[in-house]
Amino acid sequence: MLTSRRFATPVAASVLTAVLLLGLIWVYILGTSLANVFGDLLSVSSWLTITFYILTALAMTVFYRRHIFTHPRNILTVGLLPPASAAFVGWVLVRSFQLATSAEKWSMVAVIAVGVLLMLLARFVWRSPFFGIVRKSDNPRRR
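Residues numbered from 1 in each chain as written. Predicted model: local features only at pLDDT ≥ 70, side-chain atom pairs only at ≥ 80, totals over all residues. Heavy atoms only, no water.

Caption draft 1: Spatial organisation of the overall build of the protein. Each helix and strand counted, the protein has four helices and zero strands in total. Beginning at the N terminus, the succession of helices and strands in the protein can be written as α-α-α-α. Relative to its full complement of 143 residues, the protein shows a buried share of 20%. In the protein, of all internal contacts separated by at least 6 residues, the share reaching a separation of at least 24 is 60%. Within the structure as shown, the protein displays about 10,500 Å² of accessible surface, and the carbon and sulfur contribution to it stands at 72%. (Helix = DSSP H or I, 4+ residues; strand = E, 2+ residues; numbered from the N terminus. Buried < 20%, exposed > 50% of the residue type's maximum accessible area, 1.4 Å probe, protein only. Contact = heavy atoms within 4.5 Å. Areas by Shrake-Rupley, 256 points an atom, 1.4 Å probe, with all protein chains shown as cover.)

Caption draft 2: Representation of the packing of aromatic side chains within the structure. Taken as a whole and assessed by the stated rule, the structure comprises four aromatic pairs. Residues phenylalanine 63 and tyrosine 64 carry aromatic rings whose centres are separated by 4.9 Å and whose planes lie at 85 degrees to one another, so their mutual orientation is edge-to-face. Look at tyrosine 64 and you get partly exposed, because its relative accessible area is 37%. Aromatic pair phenylalanine 130 and phenylalanine 131: ring centres 5.5 Å apart, planes at 80 degrees, arrangement edge-to-face. Assessed through its relative accessible area of 31%, phenylalanine 130 is described here as partly exposed. Since its relative accessible area comes to 35%, phenylalanine 131 is described here as partly exposed. The ring of phenylalanine 97 has lysine 105 sitting right over it, with the charged end atom 5.9 Å from the ring centre. (Phe/Tyr/Trp six-rings, centres within 6.5 Å; stacked < 30°, edge-to-face > 60°. Lys NZ or Arg CZ within 6 Å of the ring centre and 35° of its normal.)

Caption draft 3: Summary view of helix α3 (residues 72-98). For α3, with 27 residues, the first-to-last C-alpha span of 38 Å sits near the 39 Å given by 1.5 Å per residue. Within α3, the axis deviates most sharply at leucine 80, by approximately 35 degrees, and proline proline 82 lies no more than four positions further along. What α3 keeps buried is the set Asn74, Val78, Pro82, Ala86, Gly90 and Leu93. Buried residues belonging to α3 abut α2 (34-63). (Expected span 1.5 Å × (residues − 1). Bend = angle between axes of the 7 residues up to and from the residue.)

Caption draft 4: Just α2, in detail. Over its 30 residues, α2 extends 42 Å from the first C-alpha to the last, a length consistent with the 44 Å expected when each residue adds 1.5 Å. Along α2, the residues that are buried comprise Val37, Asp40, Ser43, Val44, Trp47, Ile50, Ile54, Ala57 and Thr61. Turning to α2, the residues buried within the fold contact α1 (11-31), α3 and α4 (102-125).

Caption draft 5: Geometry of the nonpolar core. Core analysis: the biggest nonpolar cluster contains 10 residues, these being Val44, Trp47, Ile50, Ile54, Ala57, Ala86, Leu93, Ala100, Met108 and Val111. It is α2 that provides the largest number of residues to this core, a total of five residues. In this view, isoleucine 54 contacts Ala86, Val89, Gly90 and Leu93; residues no more than four positions away in its chain are not counted. (Core = buried A, V, L, I, M, F, W, Y, C linked by side-chain atoms within 4.5 Å.)

Caption draft 6: Local environment of the layout of surface pockets. A volume near 670 Å³ is recorded for the largest pocket. What lines the largest pocket is a set of 19 residues, among which Thr17, Leu48, Val111, Gly115 and Val116 lie closest to the centre. Here the element with the most residues in the lining of the largest pocket is α4; it accounts for eight residues. For the lining of the largest pocket, a count of residues per class yields 15 nonpolar, four polar and no charged. (1 Å grid on protein atoms, 1.4 Å probe; cavity = no way out; pocket = protein on both sides within 12 Å on 5 of 7 lines; lining within 4 Å. Points joined across faces, edges and corners; volume = space filled by probe spheres on them. Nonpolar A, V, L, I, M, F, W, Y, C, P; charged D, E, K, R; others polar.)

Caption draft 7: Expanded view of the side chain of glutamate 104. Considering the arrangement of structural elements, one finds glutamate 104 in helix α4. Buried within the structure, glutamate 104 lacks any salt-bridge partner; lysine 105 is the closest side chain of opposite charge, at an N-O distance of 8.1 Å. Discounting chain neighbours no more than four positions away, the residues touching glutamate 104 are Gly39, Asp40, Ser43, Val44 and Trp47. (Lys, Arg positive; Asp, Glu negative; His and termini not counted. Salt bridge = Lys/Arg side-chain N within 4 Å of Asp/Glu carboxyl O.)

So, in structure tokens, the structure goes:
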């Protein structure tokens, strides 16, 4: 599995995901009207963006957890605002998903399924070096 030397990201998985998504969109366009496709695409894209934001906010809070109580400002900017904003946009995500059409819901399920499948393939079948990269948050004394 090819990993970018500069960004340490799985290049082949990103390209394969993009190609699969384009293929799924093309098949979906052939089966429905173009107006429905754009509406569903915008919904699914916004859900993925919200999910990315939630995961980023939570990951940032976990990564900097040792710094939360080092300064009064950090309590607000690291400890409270990111999880609170993640909770709020999570509520927006749940509410919008409840009001979604079945095509939008199944599109989201398909995107998540393809993503999880590719992640598992990269990890266990292709043995991507990406999963062996030492994280900055790892404590070398614990190894």
